[in-house]
Amino acid sequence: MFGTPGFGELIIILLIVLVIFGAKKLPEIGGGLGKAISNFKKATTQPDEIDVTPNKNAKGADEEKKGE
């Protein structure tokens, strides 16, 4: 019943969007949508948590050993 839209349906949808938003607003909408998609892709590829485990070779750890 609801398959993938064909070429005719896409043209009709594009014309309706053009009438609603106007030709001047479409590039702004497209740019915003592109930025949103790229930010979503970045967010899905980044690790979920930040590793806050102290590094054993950190500068502060070396100075503490010298002071002892």
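What comes next concerns the included structure. Because the structure is a prediction, the values reported are computed rather than measured.

### What about the overall build of the protein chain?
Moving on, step 1. Within the protein chain, the regular secondary structure consists of three helices and zero strands.
Moving on, step 2. Seen in sequence order, the protein chain has helices and strands lined up from the N terminus as α-α-α.
Moving on, step 3. Evaluated residue by residue, the protein chain yields a buried proportion of 0% over its 68 residues.

### Side note on the environment of T45
Moving on, step 1. With respect to the helices and strands, T45 occurs in helix α2 (residues 26–45).
Moving on, step 2. A polar side-chain atom of T45 sits 3.1 Å from the main-chain carbonyl oxygen of K42.

### A few points about the pattern of salt bridges
Moving on, step 1. What the rule picks out here adds up to one salt bridge.
Moving on, step 2. One salt bridge in this structure joins E28 and K25, with 3.4 Å as the shortest N-O distance.

### Notes on a nonpolar patch on the surface
Moving on, step 1. Together, I12, I16, I20, F21 and I29 make up an exposed nonpolar region whose accessible area comes to about 480 Å².
Moving on, step 2. The greatest single-element share of the nonpolar patch, amounting to four residues, is contributed by helix α1 (residues 7–21).
Moving on, step 3. Relative to the helices and strands, I16 is located in helix α1.
Moving on, step 4. Residue I16 is classed as partly exposed on the basis of its relative accessible area of 45%.

Cut-off values and rules
Residues numbered from 1 in each chain as written. Predicted model: local features only at pLDDT ≥ 70, side-chain atom pairs only at ≥ 80, totals over all residues. Heavy atoms only, no water. Helix = DSSP H or I, 4+ residues; strand = E, 2+ residues; numbered from the N terminus. Buried < 20%, exposed > 50% of the residue type's maximum accessible area, 1.4 Å probe, protein only. Polar contact = N/O pair within 3.5 Å; in protein donor to acceptor, adjacent residues only side chain to side chain. Salt bridge = Lys/Arg side-chain N within 4 Å of Asp/Glu carboxyl O. Patch = residues over 30% accessible without salt bridge, like charges linked within 9 Å, V, L, I, M, F, W, Y side chains within 5 Å. Areas by Shrake-Rupley, 256 points an atom, 1.4 Å probe, with all protein chains shown as cover.

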